[in-house]
Amino acid sequence: MFKAILVNKDEQGYRAELAQVDEASLPEGEVKVQVQYSTLNYKDGLAITGKGPVVRNFPMVPGIDFAGEVLESSSPDFKVGDMVLLNGWGVGEAHWGGLGQLARVKADWLIHLPQGLTAKQALAIGTAGYTAMLCVMALQSHGLKPSDGEVLVTGAAGGVGSFAIALLSKLGFKVVASTGRMAEADYLKQLGATEVIDRATLSAPGKPLAKERWAAVVDSVGSHTLANACAQTKSDGAVAACGLAQGMDFPSSVAPFILRGVTLYGINSVTVPRAKRIAAYEQLSKLVDLKTLDEISHEINLEDALKYAQELMAGNVRGRVIVNVNT
């Protein structure tokens, strides 16, 4: 038996609880992992609270990322004792995830723990930091340079936003942070933001084209915020979209794209090939200041994940929440 957060939906309704689970219930996979750390991401909040239809099979162990030690492996890529990391691949949605002490997954979904990072540090980065890095890599591939101008980061106090600010600042960019929590302005400036603006300036319906300001944008919010960010992006600029905290809709027009040549990059962190994942973590291990990880993250135990998921969905959680599944 092992401890896990278990999500169920039946005649009693939708619920998530801390449970003792039989190891025989683990889904199929080539590698069994003793999980050390998982995290709480936006998808995990949706899964635990039931506020979004992200869970596709019941019962489900949520947790879209984890790090731990290989206990069993039928794959030549991994051996017993290897430290491994997983982000995405539908884990925590369609396949049991990391908010439990054991996991069994496909070998193709795993990478070895990046050199220079502990399991806890890798999960302090987690899917949020990895997604932020994919956004930055998209902007780098576009040819963006610090001299091109300001970069806007929306949803700035969240996990993706926090890492995007820290990464872009480390690379020399002038970063403007947009947040609904102006009380977090000092925190965002500590991460490297040069200016903090209220999300209300972007979250209402806007014009198809607005005054050009941003050389680039990292957006984890979607809806009107993404539409306004595109409308304010400079000619030949780029927008990396990776989230939908405000909504899945995109109430925009083709104007920014055909009149200013703005490029919209869609960032899907879930099914990225292994080689690109490794490349992203190689950059992260070089760019992320380990002291910054302490500022961005804090640790909770497995049972606390239930109440923290509620706080996360209420917009009251700053940065990254690391879950020690063995406490």
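A quick note: this is a predicted structure, and the numbers were derived from the prediction, not measured.

**Some thoughts on the overall build of the protein chain**
Scanning the protein chain for helices and strands turns up 10 helices and 15 strands. In terms of overall size, the protein chain behaves like a compact globule, its C-alpha atoms giving a radius of gyration of 20 Å where 327 residues would be expected to give roughly 20 Å. For the C-alpha atoms alone, the extent of the protein chain along its principal axes is close to 60 × 45 × 35 Å. Taken across its 327 residues, the protein chain has 55% of its residues classed as buried.

**Observations regarding the environment of Ile-125**
The residue Ile-125 is located in helix H2 (residues 119–141) in this model. Note: C-alpha distance between Ile-125 and Leu-102 (23 residues apart in sequence) is 21 Å. Ignoring anything within four residues of it in the chain, the contact list for Ile-125 reads Leu-117, Tyr-130, Phe-163, Tyr-281, Leu-284, Val-288, Leu-293 and Arg-320.

**Details of the packing of aromatic side chains**
Enumeration according to the criterion identifies two aromatic pairs in this entry. Judged by centre distance (5.8 Å) and plane angle (85 degrees), the rings of Tyr-14 and Phe-58 are edge-to-face. Residue Tyr-14 is located in strand E2 (residues 13–21), and its partner Phe-58 is located in the loop between helix H1 (42–49) and strand E4 (65–73); the two are separated by 44 residues in the primary sequence. We classify Tyr-14 as partly exposed; its relative accessible area is 30%. Aromatic pair Tyr-130 and Tyr-281: ring centres 5.7 Å apart, planes at 10 degrees, arrangement stacked. On the criterion of sequence distance, the pair formed by Tyr-130 in helix H2 and Tyr-281 in helix H8 (residues 274–287) is long-range, its members being 151 residues apart.

**Looking at the side chain of Asn-41**
Looking at the element boundaries, Asn-41 is found in the loop between strand E3 (31–40) and H1. What makes Asn-41 buried here is its relative accessible area of 8%.

**What to know about the packing of H2 against H8**
In contact at an axis separation of 9 Å, H2 and H8 are set at 105 degrees when each is read in the N-to-C sense. Classed by the angle they form, the pair H2 and H8 counts as roughly perpendicular. Residue-level contacts link Ala-122, Ile-125, Gly-126, Gly-129, Tyr-130, Met-133, Leu-134, Met-137 and Gln-140 of H2 to Lys-276, Arg-277, Ala-280, Tyr-281, Gln-283, Leu-284 and Leu-287 of H8. Split by residue class, the contact of H2 with H8 holds 10 nonpolar, four polar and two charged.

**A closer look at H1**
Counting buried positions over the eight residues of H1 gives six, a clear majority of the element. Contacts from the buried residues of H1 go to strand E1 (2–10), E2, E3 and helix H10 (305–313).

**Brief notes about unusual backbone geometry**
Look at the link from Phe-58 to Pro-59: it is a cis peptide, with omega at -10 degrees. For Pro-59, the position within the fold is in the loop between H1 and E4. Here Ser-223, not a glycine, exhibits a phi torsion of approximately 50 degrees, which is positive. By the secondary structure assignment, Ser-223 is in helix H6 (residues 223–231). Backbone geometry at Asp-236 places phi at a positive 65 degrees, although glycine is not the residue there. Looking at Asp-236, the relative accessible area reads 55%, which means it is exposed.

Conventions we followed
- Residues numbered from 1 in each chain as written.
- Predicted model: local features only at pLDDT ≥ 70, side-chain atom pairs only at ≥ 80, totals over all residues.
- Heavy atoms only, no water.
- Helix = DSSP H or I, 4+ residues; strand = E, 2+ residues; numbered from the N terminus.
- Rg over C-alpha atoms; globule rule 2.2 N^0.38 Å.
- Buried < 20%, exposed > 50% of the residue type's maximum accessible area, 1.4 Å probe, protein only.
- Contact = heavy atoms within 4.5 Å.
- Phe/Tyr/Trp six-rings, centres within 6.5 Å; stacked < 30°, edge-to-face > 60°.
- Axes fitted to C-alpha atoms, helices over the stretch in contact; angles between N-to-C directions.
- Parallel < 35°, antiparallel > 145°, perpendicular 65-115°, else oblique.
- Nonpolar A, V, L, I, M, F, W, Y, C, P; charged D, E, K, R; others polar.

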